[in-house]
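Observations on the three-dimensional arrangement
So you can see what is in the structure, the chains are spelled out below.
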Amino acid sequence: MWDYTEKVRDHFLNPRNVGVAENANGVGEVGSLSCGDALKLTIRVGENDIIEDAKFQTFGCASAIASSSALTEMVKGLALDEAAKITNDDIAEFLGGLPKEKIHCSVMGRDGLERAIADYRGEVIKVTQGNVVCECFGVTDLEIERAVKEDGLATIDQIINHLKAGGGCGKCHDDIEAIIHRVRGEQAMEIIKPVRMSNMQKIKLIESTLEREIKPTLQKDRGDIELVDVVGNKVYVRLQGSCASCSKSQITLKNHVEAKLRELVTQDLVVEEVK
């Protein structure tokens, strides 16, 4: 049994906006019945490109239904440009989190929204390009690259959870690992540092750096770290697991955590521990 939040259970048992939006002028369809999850999202866009209504039809598990329900609640009343900024992480966060094995359900919602918006704007719906890596689920190298870049994925298990790629026969595992190493290698060589970051950009970059570069190292020693808050250039974190009781925790904070954040985010950051 998956460990679902109360909000996920609520949106699964009492899904909002099921069906087809009346006078819909944007449609997005993703997934397939063959892989177990499919979504049809319909939106009605009114004056000033405001989404007046959004409804869904989903075939899938509890997470797929809950993610679709949440997405329709999130986009109603938004301008298209704002709705287009919604990520799969935003959907999962709206639901109070999803089991890591079910993140691909929120990805499906994000993709459905992209297609519905493109359909409304009269843009050609992008046909999946690239070379198919996972034949079981029809996932291409470009889709895997995007997931690694945008979501900071670093392992095959994370790819399976996000895209299902690699979750079938397993023959594509070597190819997936090669893509992960290549993309992450390129990111390490060319770290993009905005000249002027908004607070939100800074927080996002801090979060991704913690996930990609810092947490894996701490977790090897049964430790972990949680981002508590960012105020100006002060980053407040909470050490967890073995790190919390380690006598060398301050050395870890300064020589590893703070040093890595300064390297990859901005030189002005100061890391402080919250007990």
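See the structure printed just above.
What comes next is a walk through the structure. (Residues numbered from 1 in each chain as written. Predicted model: local features only at pLDDT ≥ 70, side-chain atom pairs only at ≥ 80, totals over all residues. Heavy atoms only, no water.)

Let's shift gears to the overall build of the protein. Scanning the protein from N- to C-terminus turns up ten helices and eight strands. Against the compact-globule benchmark of 19 Å for 275 residues, the protein has a radius of gyration of 20 Å, which places it among compact chains. In terms of principal-axis extent, the alpha carbons of the protein reach across some 60 × 45 × 40 Å. Residues counted as buried form 40% of the 275 residues belonging to the protein. A separation threshold of at least 6 residues defines the contact pool for the protein, and within that pool the share at least 24 residues apart is 57%. (Helix = DSSP H or I, 4+ residues; strand = E, 2+ residues; numbered from the N terminus. Rg over C-alpha atoms; globule rule 2.2 N^0.38 Å. Buried < 20%, exposed > 50% of the residue type's maximum accessible area, 1.4 Å probe, protein only. Contact = heavy atoms within 4.5 Å.)

Right, let's talk about the pattern of salt bridges for a bit. Considering all chains together, one arrives at 18 salt bridges under this definition. Here Glu258 makes a salt bridge to Lys254, at a shortest N to O gap of 2.9 Å. Of the two residues, Glu258 and Lys254 are both situated in helix α10 (residues 249-264); the distance of four residues between them amounts to about one turn of the helix. Assessed through its relative accessible area of 34%, Lys254 is described here as partly exposed. (Salt bridge = Lys/Arg side-chain N within 4 Å of Asp/Glu carboxyl O.)

As a further point, take the sheet that holds strand β6 (residues 223-231). Spatial ordering of the open sheet is given by β6-β7-β8, a layout of three strands whose pairing is mixed. Strands with a single pairing partner mark the edges of an open sheet, and in this sheet they are β6 and β8 (270-273). This sheet shows a mean twist of 35 degrees between the axes of neighbouring strands, independent of strand direction. Across eight bridges, β6 lies against strand β7 (residues 234-241) in antiparallel orientation. In the strand pairing of β7, Val230 is matched with Val235. Its contacts with the sheet put helix α9 (residues 199-220) on β6 and β7, and the angle it makes with β6 is roughly 165 degrees. Running at roughly 145 degrees to β8, α10 makes contact with β6, β7 and β8 of the sheet. (Pairing = 2+ DSSP bridges. Axes fitted to C-alpha atoms, helices over the stretch in contact; angles between N-to-C directions.)

Okay, the packing of helix α5 (residues 103-120) against helix α7 (residues 156-163) next. Remark: α5 packs on α7, axes separated minimally by 5 Å, with the N-to-C direction vectors making an angle of 50 degrees. As the angle between them shows, α5 and α7 are arranged oblique. Counted together, Ile103, His104 and Val107 of α5 and Ile160, Asn161, His162 and Leu163 of α7 form the full contact between these two elements. When grouped by side-chain class, the residues that make up the contact of α5 with α7 number four nonpolar, three polar and no charged. (Parallel < 35°, antiparallel > 145°, perpendicular 65-115°, else oblique. Nonpolar A, V, L, I, M, F, W, Y, C, P; charged D, E, K, R; others polar.)

The subject of this paragraph is the packing of aromatic side chains. Under the criterion given, the structure shown has zero aromatic pairs. A cation over an aromatic ring shows up here: Lys7 above the ring of Phe94, its NZ or CZ 4.0 Å from the ring centre. (Phe/Tyr/Trp six-rings, centres within 6.5 Å; stacked < 30°, edge-to-face > 60°. Lys NZ or Arg CZ within 6 Å of the ring centre and 35° of its normal.)

Take Lys215: it is sitting in helix α9. There is a polar contact of 3.4 Å between the side chain of Lys215 and the backbone oxygen of Ile225. Not counting chain neighbours up to four residues away, the residues in contact with Lys215 comprise Leu210, Asp224 and Ile225. (Polar contact = N/O pair within 3.5 Å; in protein donor to acceptor, adjacent residues only side chain to side chain.)

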